[in-house]
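Tertiary structure, described
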Amino acid sequence: MDVAGEIGQFDVARRRMVEEQLRNRGIADERVLRAMSRIPRHEFAPESYRGEAYHDHPLPIGEGQTISQPYIVAIMLQALALSPSDHVLEVGTGSGYVTALLAEITPHVISIERHVALADAARALLARLGYSSVQVIAGDGSLGYAPGAPYNAILVSAAARELPQPLLDQLAEGGRMIIPVGPPDLQQLQLVSIQNGQSQVLSREICRFVPLVSDLAS
Ligand code: SAM
C-alpha cells in the first residue's frame, strides 16, 4: 500500500476506535474525544504493531512496557476533567501517546519516565509531532516532580501498591489524581481529589497495569 493509502486507512481506524470503543462505551468528554480523534496512535506503536494501533487492547513498546488500551486511557483522561489551564504531571511516559493526548488539552504538561531510552524516544517523537511545550523527564515519577508542583492533575499509568505520598503532596487544592492501585496481577483505578486540604478517594474501574517501580520501595 502507498503512504497516502496507509494514512487513509489509519484515519478510518482511528475514527472507528473513537466511535465504537469510546463514545459507544460512555466516554463523553469532548476534549478527550477530540484529542483521541486527532492523535496518530500508530506513530507511537512499534513498526511491527502499527496495524493494531487502533485495536481494543494494549500494545508492547519495548523494555517490557506497553501503551495502554485506548478505552482505559480515555477513562483516565475523562476522570481528570481536564481544562486548558490545568498543570498536569504524567507518571510513566512510555511511548508518549498519553503525553500527546494531554498536550492536546493543555500546554502545561510534564511527563516522567524511568526508562531513559523510552523517555528519549518519546521526547524526540513528541517534538517531531509538534508538541513543543511538553517536558519529558527521565527519573522516578513515584517521587513526583517537585519543580513543577503543585499540579491540578496527575495521571499515573503504572500500578502502585499504595497511593504515593509525594504525589499526594504535589496536588494543588482542587487537584485530581488518577492512579491504578493494587497488586501486580490486578488493580483498581483510584480517583483522588483534594478538597479543603483533605484527600478524598473514589474507587473506580478494575484494571491491569505494569508496576510502578519505585525507589521508595527499595
Ligand atoms: N502511557 C504510556 C503510553 O501512552 O505509552 C504507557 C505507560 S506504560 C503502561 C507504564 C510506564 O511507566 C512504563 O513506560 C514504565 O517504564 C513507567 N514507569 C514505571 N515505574 C515508573 C516510575 N517510578 N517513574 C516513571 N515511570 C515509571
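Check the entry above for the structure.
For the structure given in this document, a descriptive report is provided here. (Residues numbered from 1 in each chain as written. Predicted model: local features only at pLDDT ≥ 70, side-chain atom pairs only at ≥ 80, totals over all residues. Heavy atoms only, no water.)

Once that is clear, we can look at the site of the ligand. As a matter of local geometry, the ligand sits amid 27 residues, with Ser95, Glu113, Asp140, Gly141 and Val213 nearest to it. Take serine 95: an N or O atom from its side chain is 2.7 Å from an oxygen atom of the ligand. Backbone polar atom of arginine 114 to a nitrogen atom of the ligand: 3.2 Å apart, as the coordinates give it. The protein chains hide 100% of the 610 Å² of surface that the ligand would expose on its own. Looking at the shell around the ligand, the elements with two or more residues in it are strand 2 (65–67), helix 4 (97–105) and strand 4 (109–113). (Near = heavy atom within 4 Å. Polar contact = N/O pair within 3.5 Å; in protein donor to acceptor, adjacent residues only side chain to side chain. Areas by Shrake-Rupley, 256 points an atom, 1.4 Å probe, with all protein chains shown as cover. Helix = DSSP H or I, 4+ residues; strand = E, 2+ residues; numbered from the N terminus.)

Moving on, we get to the environment of leucine 171. Residue position: leucine 171 is located in strand 7 (residues 171–181). A relative accessible area of 8% places leucine 171 in the buried class. Along the primary structure leucine 171 and alanine 153 are separated by 18 residues, whereas in three dimensions their C-alpha atoms are 6.9 Å apart. Leaving out residues up to four positions away in the same chain, leucine 171 has contacts with Pro150, Tyr151, Ala153, Ile154, Arg176, Met177 and Ile194. (Buried < 20%, exposed > 50% of the residue type's maximum accessible area, 1.4 Å probe, protein only. Contact = heavy atoms within 4.5 Å.)

Moving on: the pattern of salt bridges. Counted by the stated rule, this structure contains 10 salt bridges. The shortest N-O distance in the salt bridge between glutamate 30 and arginine 23 comes to 3.2 Å. Aspartate 86 serves as the salt-bridge partner of arginine 176, at 3.0 Å between the closest nitrogen and oxygen. Within this pair, whereas arginine 176 is found in strand 7, its partner aspartate 86 is found in the loop between helix 3 (70–80) and strand 3 (88–91), the two being separated by 90 residues in sequence. The pair arginine 176 / aspartate 86 is uniform in exposure class, with both members buried. Bridged by salt links that share partners, the residues Glu19, Arg23 and Glu30 form one connected network. (Salt bridge = Lys/Arg side-chain N within 4 Å of Asp/Glu carboxyl O.)

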